[in-house]
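One letter stands for each residue in the lines below.
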Amino acid sequence: MDWREVTIYTTTEGIGPVEAVLEDNGIEGYVLEDAADFEEFLKDTEIYWDYVDEDLVREKRAQETCLKIYLSDDEAGAKQYAALRTSLENLKARDEEHAWGRLVTETALTRQEDWEWGWKQYFKPFPVGHSFMIKPSWETVDDAQGRRILEIDPASSFGTGSHDTTQLCMCALEDNVKPGDTVLDMGTGSGILAIAAAMLGAEVRTVVDIDENCLRTAQENAEKNHVRIGRGLCGDALRDEKLAEDIGSGYSVIVANIVADVIIGMAPMFFAKTAEGGTLICSGILNERADEVRAALEKAGFEVVNHAKSDDWSAFTAKK
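What counts, and where the lines are drawn
- Residues numbered from 1 in each chain as written.
- Predicted model: local features only at pLDDT ≥ 70, side-chain atom pairs only at ≥ 80, totals over all residues.
- Heavy atoms only, no water.
- Helix = DSSP H or I, 4+ residues; strand = E, 2+ residues; numbered from the N terminus.
- Contact = heavy atoms within 4.5 Å.
- Disulfide = S-S within 2.5 Å.
- Pairing = 2+ DSSP bridges.
- Axes fitted to C-alpha atoms, helices over the stretch in contact; angles between N-to-C directions.
- Phe/Tyr/Trp six-rings, centres within 6.5 Å; stacked < 30°, edge-to-face > 60°.
- Buried < 20%, exposed > 50% of the residue type's maximum accessible area, 1.4 Å probe, protein only.
- Parallel < 35°, antiparallel > 145°, perpendicular 65-115°, else oblique.
- Left-handed = near helix turned anticlockwise from the far one by under 90°.
- Nonpolar A, V, L, I, M, F, W, Y, C, P; charged D, E, K, R; others polar.

Participant: Sorry if this is basic, but what is going on with the overall build of the protein chain here?
Facilitator: Along its length, the protein chain carries twelve helices and 14 strands. In the protein chain, of all internal contacts separated by at least 6 residues, the share reaching a separation of at least 24 is 65%.

In structure tokens:
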């Protein structure tokens, strides 16, 4: 079946009234793009992001708040769309303060196959490091060239294996993980690094992410690869003391593919949670921030034993 994408333009204040209109018309699911959310995101850049493209900032700040729904491209969908437009006109007539925005709609046809497969056509099997072959779940590999096949379906989570930071971490895991090592994966995303560690023989005890969806995706990907990645914990360990305590300590290897500021902030925590003689592998660090991160790791007590680079990104391997 093909679908009709309907975009309803409103304001942050108008989200609630528009949601009520959708509910009255039997429409439960929608995608919300709230302009206010992007401004809130920008406030967190000093903690979670090293760089935000200026063109993206301009584009997002010019963007109206909107809700997107999908109606079947048939007679039933057409009737539902007509009823929705009538309801929005009635809502606009009640908006005496003009606080709820334009309340107009735009439509576009979305074909089922495009919806499901749009980005997947570009994700093909590829080698990483000395021993891994990354394979999306919908592809097949005729000749793995003696490599371990790591099957991944990232869904909406970070970690297809194509990004430099992920590959730098996987190479470091190959060089440092021994069978029986205990592993903590901070910022697990799709679970790809935890799964790689498990395939190398480690006991992955804990994976952590601020997004519950990532934890579900990571566990599903672990099952695809017939490995276990232990318990999943959700939250921000920098701000949640109980979570930080629940993570535990004594890990042989900690891998953290996050961003520079978070690694800097967590460096003392990582040191406390690493076993004596253990290893920290960290990336997500732009090359121009590498000296800051190295200094933070050394101040926390680590000895940096390797600094790997790509064109733009750095990864550190450090020993306790």
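Participant: What exactly am I supposed to notice about the state of the cysteines here?
Facilitator: Evaluated as defined, the whole model comprises zero disulfides. Unpaired in terms of disulfides, Cys234 finds its nearest cysteine sulfur in Cys214, a separation of 8.6 Å.

Participant: Sorry, what's going on with the sheet that holds strand 11 (residues 251-257) here?
Facilitator: Adjacent strands of a sheet form backbone hydrogen bonds with each other and so pair up, either parallel or antiparallel. The strand order 10-9-8-11-12-14-13 describes an open sheet built from seven strands, whose pairing is mixed. Every other strand in the sheet has two partners, leaving strand 10 (231-234) and strand 13 (303-309) as the edge strands with one partner each. Geometrically, the sheet is characterised by an average inter-axis angle of 15° between neighbouring strands, direction not taken into account. The pairing of strand 8 (residues 182-186) with strand 9 (residues 203-209) spans five bridges and is classified as parallel. Counted as the bridge partner of Met186 is Val208 from strand 9. Running at roughly 160° to strand 12 (residues 274-286), helix 7 (residues 164-176) makes contact with strand 11, strand 12, strand 13 and strand 14 (313-319) of the sheet. Against the sheet, helix 11 (residues 260-273) touches strand 8, strand 11 and strand 12, its axis set at about 175° to strand 12.

Participant: Just checking my understanding: could you explain the packing of aromatic side chains for this structure?
Facilitator: Geometry of an aromatic ring pair is reported as the spacing of the ring centres plus the angle between the planes. Evaluation of the coordinates by the stated rule reveals one aromatic pair. For the ring pair Phe271 and Phe302, a centre distance of 5.2 Å and an interplane angle of 85° mean the geometry is edge-to-face. Highlighted residues: Phe271 in helix 11 and Phe302 in the loop between helix 12 (290-300) and strand 13, separated in sequence by 31 residues. On the accessibility criterion, Phe302 (4% relative accessible area) is buried.

Participant: Looking at this structure, how should I read the packing of helix 7 against helix 8 (residues 192-199)?
Facilitator: Each pair of packed helices gets described by two things: the angle between the helix axes and the distance between those axes. Viewed as axis vectors pointing N to C, helix 7 and helix 8 meet at an angle of 20°, and their least axial separation amounts to 10 Å. With respect to helix 8, the element helix 7 is oriented roughly parallel. Considering only the axes of helix 7 and helix 8, their crossing is right-handed. Facing helix 7, whose interface residues are Thr166, Cys169, Met170 and Leu173, helix 8 presents Ile192, Leu193, Ala196 and Ala197. Here the residues of the contact of helix 7 with helix 8 are counted per class, giving seven nonpolar, one polar and no charged.

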